Protein chains: 2
Amino acid sequence: MTPIVIEDGERAKDWRTLESVFDQLLAAHCGRDTVLVALGGGVVGDLAGFAAAVYQRGISFLQVPTTLLAQVDSSVGGKTAINHPRGKNMIGAFHQPLAVVSDIATLDSLPERELAAGLAEVIKHGLTLDASFTEWLEQNLGALRRREPDALAFAVHRSCELKAQVVASDERESGVRAILNFGHTFGHAIEAGAGYGEWLHGEAVGAGMVMASELSMRAGLLSAREAARVRELIQRAGLPVRGPAIPPEQLLQWMRVDKKAGGGRMRFVLLSGIGAAQIRADVEERAILEVIRACSAQSQ
Amino acid sequence: MTPIVIEDGERAKDWRTLESVFDQLLAAHCGRDTVLVALGGGVVGDLAGFAAAVYQRGISFLQVPTTLLAQVDSSVGGKTAINHPRGKNMIGAFHQPLAVVSDIATLDSLPERELAAGLAEVIKHGLTLDASFTEWLEQNLGALRRREPDALAFAVHRSCELKAQVVASDERESGVRAILNFGHTFGHAIEAGAGYGEWLHGEAVGAGMVMASELSMRAGLLSAREAARVRELIQRAGLPVRGPAIPPEQLLQWMRVDKKAGGGRMRFVLLSGIGAAQIRADVEERAILEVIRACSAQSQ
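*Asks:* Can you explain the overall build of chain A? Please cite residues and give values.
*Replies:* Within chain A, the regular secondary structure consists of 11 helices and six strands. A compact globule built from 300 residues would reach a C-alpha radius of gyration of about 19 Å, and chain A, at 19 Å, matches this within 12%. Projected onto its principal axes, the C-alpha positions of chain A cover 60 × 45 × 35 Å. By residue count, 51% of the 300 residues in chain A fall in the buried class.

Given below as structure tokens:
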């Protein structure tokens, strides 16, 4: 076994780190029958997964996620990637792991902030796909934040189940899988605009989901009461409900380059109720700017 | 349409060029619905194909090969890659083009040396897969070198046909596709050992096929007369039949790191007659060194 250690944080998801992984694999004479084990959080999973996807045109890999975010989201579905200075996850591949092995015990040492960031994706799965799971979350957020093993195990299991159902019906994101991007078009722009690493991915998605709910409400799809429920759930999870102090036009510019912007037309995942989502390509830039203004720090 | 121009030669198949392609695609706001058109030789096809394979986790691309080598070989089969200082095509993906469009007229301006390099792969398809096509080549090498359109069109068409049959039955090279590597384990080592760009790929494969035939003869699979036929065909195509003046041990070291060396065991494609090949993992390093010595410049 050859251990390869990479630096901590989203900044490690770059060319330089990827190249050093290849250097070490080649120095160890790793052939096509090598199995890469991605032990760590989402950064390790994304980077190691992409390294496995393209090393000698593809080798096998195993996901062993050690953060809540990676256990409930990034380790499931086969998306792998690195970042580009112009945007997150711009270079990558669809490459399924042999298996995903999640050990809840690894969450004991997870910092508070990262636990909350993981809950963002759990909440996303509830809000977009399952009303009763959302209600369970509303009742069990306290238990999850206290890291009660039974609650965590159920949340991880149900999240993976929901995500796997969506991915199985649309691995390459040509349709319904895009629902999993709820809060992410705003979220990616927040991450990029603030500088990678300043905001945790889950934190950006938290604020992004509030923005997307606000947009859903303005589009007449979500009631004010439902939008308030979304906001409260995200706030109770310990997540930010406002974007950073970045000019709205600048955030919009980051959204334009986001990969979900197919053919120049931005697509948004909107809620049409708690536990129900739809993909819309008819959102006006004016409405987006209004929502960013209403939900960002400088507008307070 | 956004033109992206890369430098000439195998050296362009690197990280730096790939990154500049991504920079330009992102600067032009190319989304997931972009179609990359790979207009050029094998380097352009391999690099643009790999860029398409991983840009935003995969976009479509079209192969428009303009060299004989690319028309008969690299544009068919979906193999894409860049090189690593430690070895050729070490980082890549299997990514099929939408279509391959070959125009024989582009071969009119092809330098003599590159025409010969392309013939190496045509000869490879004959030697490993089709005895009667090999005989046709023995009779029509003159017409091919004079670039008679009918002869070229037939050679390109038959080469693609033969290669496509093999690829269709084993896209990811888990078995029979490896037959297409005839002459390539030696060839890649020659290219790497001499420094990328010194030898054309097809030239290295030419000398590599002579070495592989010599190895086949020593293994008792090929008669001396058949090995002489192989050598003569390669020589008549204007290709080198001897390797460069590199110490045999050094060439062997390059072969060890070659991606065909799965699990530390080198696999060789040997001929068991004209038009028939087999994959062997039981070749002794001593025999390889003897063959390199017998077929390299310093032993003359």
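*Asks:* Quick one: what's the story with the domain arrangement of chain A, residue by residue and with numbers?
*Replies:* All names here are of chain A. By domain assignment, chain A separates into domain 1 (10-106) and domain 2 (111-299). With centres defined by C-alpha atoms, the gap from domain 1 to domain 2 works out at 24 Å. Across the contact, 21 residues belong to domain 1 and 28 residues belong to domain 2. For the side of domain 1 that touches domain 2, the secondary structure elements donating two or more residues are α3 (68-74) and β4 (87-94). Grouping the amino acids of the side of domain 1 that touches domain 2 by side-chain chemistry returns seven nonpolar, nine polar and five charged.

*Asks:* Could you give me a rundown of the confidence of the model for chain A, with the residues and numbers involved?
*Replies:* Per-residue confidence for chain A gives a mean pLDDT of 93, with 96% of residues at or over 70. Quick note on the complex model: pTM equals 0.81, ipTM equals 0.79.

*Asks:* Go over the pairing of strand β2 (residues 60-65) of chain A, please, and point to the residues and values.
*Replies:* Residue and element names in this part refer to chain A. Taken together, the six bridges between strand β1 (residues 35-40) and β2 define a ladder with parallel strand orientation. When the sheet's bridge partners are listed, Gly40 is paired in β2 with Pro65. For the segment spanning β1, helix α2 (residues 42-54) and β2, crossover handedness is right-handed.

*Asks:* Please set out the relation of the copies chain B and chain A residue by residue, giving values where relevant.
*Replies:* Placing chain B over chain A gives an RMSD of 0.0 Å and needs a rotation angle of 180°, together with 0.1 Å of translation along the axis. Taken together, the rotation angle and the small translation identify this as a two-fold axis. Comparing interface residues between copies, 100% of those in chain B also lie at the interface in chain A; the contact surface is shared.

*Asks:* Explain the environment of Ile91 of chain B residue by residue, including any values.
*Replies:* Tracing the sequence through the fold places Ile91 of chain B in strand β4 (residues 87-94). When residues no more than four places from it in sequence are discounted, the contact partners of Ile91 of chain B are Phe22, Val54 and Tyr55 of chain A together with Ala81, Ile82 and His84 of chain B.

*Asks:* Which residues make up helix α1 (residues 15-27) of chain B, and what values do they have?
*Replies:* The first and last C-alpha atoms of α1 of chain B sit 18 Å apart over 13 residues, in line with the 18 Å expected at 1.5 Å per residue. Along α1 of chain B, the residues that are buried comprise Leu18, Phe22 and Leu25 of chain B. End-on, the buried residues of α1 of chain B take up no more than an arc of 65°, which puts them together on one face. Looking at α1 of chain B, the residues exposed on the side facing more than 90 degrees away from the buried face are Arg16 and Ala27 of chain B. On its buried side, α1 of chain B packs onto β3 (79-84) and β4 of chain A together with α2 (42-54) and β3 (79-84) of chain B. Looking at the residues trailing α1 of chain B, positive phi occurs at His29 of chain B, about 55°.

*Asks:* Mind laying out the interface of chain B and chain A, listing which residues take part and the relevant values?
*Replies:* Each side of the interface is counted separately: chain B has 30 residues, and chain A has 31 residues. The set of elements that each furnish at least two residues to the side of chain B that touches chain A consists of α1, α2, β3 and β4 of chain B. For the side of chain B that touches chain A, the element with the most residues is β4 of chain B, which contributes six residues. In terms of residue class, the side of chain B that touches chain A is built from 13 nonpolar, 10 polar and seven charged.

*Asks:* Now, about the packing of helix α10 (residues 248-257) of chain A against helix α11 (residues 285-294) of chain A: what can you tell me, with residues and values included?
*Replies:* Residues and elements named next belong to chain A. In the contact formed by α10 and α11, the axes pass within 9 Å of each other and the chain directions differ by 125°. Accordingly, the angle class assigned to the pair α10 and α11 is oblique. When the axes of α10 and α11 are compared, the crossing they make is right-handed. Contact residues: Pro248, Leu251 and Leu252 in α10; Glu285, Ile288, Leu289, Ile292 and Arg293 in α11. Here the residues of the contact of α10 with α11 are counted per class, giving six nonpolar, no polar and two charged.

*Asks:* Any chance you could break down the packing of helix α4 (residues 112-129) of chain B against helix α6 (residues 149-169) of chain B for me, citing the residues and the numbers?
*Replies:* Residues and elements named next belong to chain B. Packing of α4 against α6 leaves a shortest axis separation of 10 Å and a crossing angle of 50°. When the interaxial angle is binned, α4 and α6 end up oblique. Here α4 and α6 pass one another in a crossing that is left-handed. On the side of α4, the interface is formed by Glu121, Val122, His125 and Leu129, while α6 contributes Ala155, Ser159, Leu162 and Lys163. Of the residues assigned to the contact of α4 with α6, the class counts are four nonpolar, two polar and two charged.

*Asks:* Go over the environment of Arg231 of chain B with me, naming the residues and quoting the values.
*Replies:* All names here are of chain B. Tracing the backbone through its elements, the reader meets Arg231 in helix α9 (residues 224-236). For the pair formed by Arg231 and Arg242, sequence separation is 11 residues and the distance between their alpha carbons is 9.9 Å. Look past the residues within four positions of Arg231 in its chain and what remains in contact with it is Val210, Ser213 and Val241.

*Asks:* Go over unusual backbone geometry with me, naming the residues and quoting the values.
*Replies:* A positive phi angle, close to 60°, is found at Arg147 of chain A, a residue other than glycine. Of note, Arg147 of chain A is situated in the loop between α5 (131-145) and α6 (149-169). Overall, the presence of 15 C-beta atoms within 10 Å leaves Arg147 of chain A in the partly exposed class. Positioned with a positive phi, Asn89 of chain B is a non-glycine residue whose angle comes to about 55°. Along the chain, Asn89 of chain B turns up in strand β4. The exposure class assigned to Asn89 of chain B is buried, which follows from the 20 C-beta atoms found within 10 Å.

Rules used throughout
Residues numbered from 1 in each chain as written. Chains lettered and ligands numbered in written order. Predicted model: local features only at pLDDT ≥ 70, side-chain atom pairs only at ≥ 80, totals over all residues. Helix = DSSP H or I, 4+ residues; strand = E, 2+ residues; numbered from the N terminus. Rg over C-alpha atoms; globule rule 2.2 N^0.38 Å. Buried ≥ 20, exposed ≤ 12 C-beta atoms within 10 Å, placed from the backbone. Domains from an automatic or database assignment. Contact = placed C-beta atoms within 7 Å. Nonpolar A, V, L, I, M, F, W, Y, C, P; charged D, E, K, R; others polar. pLDDT = per-residue confidence, 0-100. Pairing = 2+ DSSP bridges. Right-handed = clockwise from strand over helix to strand, strands pointing away. Least-squares fit on C-alpha atoms with pLDDT ≥ 70 in both. Expected span 1.5 Å × (residues − 1). Arc of directions from axis to C-beta. Axes fitted to C-alpha atoms, helices over the stretch in contact; angles between N-to-C directions. Parallel < 35°, antiparallel > 145°, perpendicular 65-115°, else oblique. Left-handed = near helix turned anticlockwise from the far one by under 90°.

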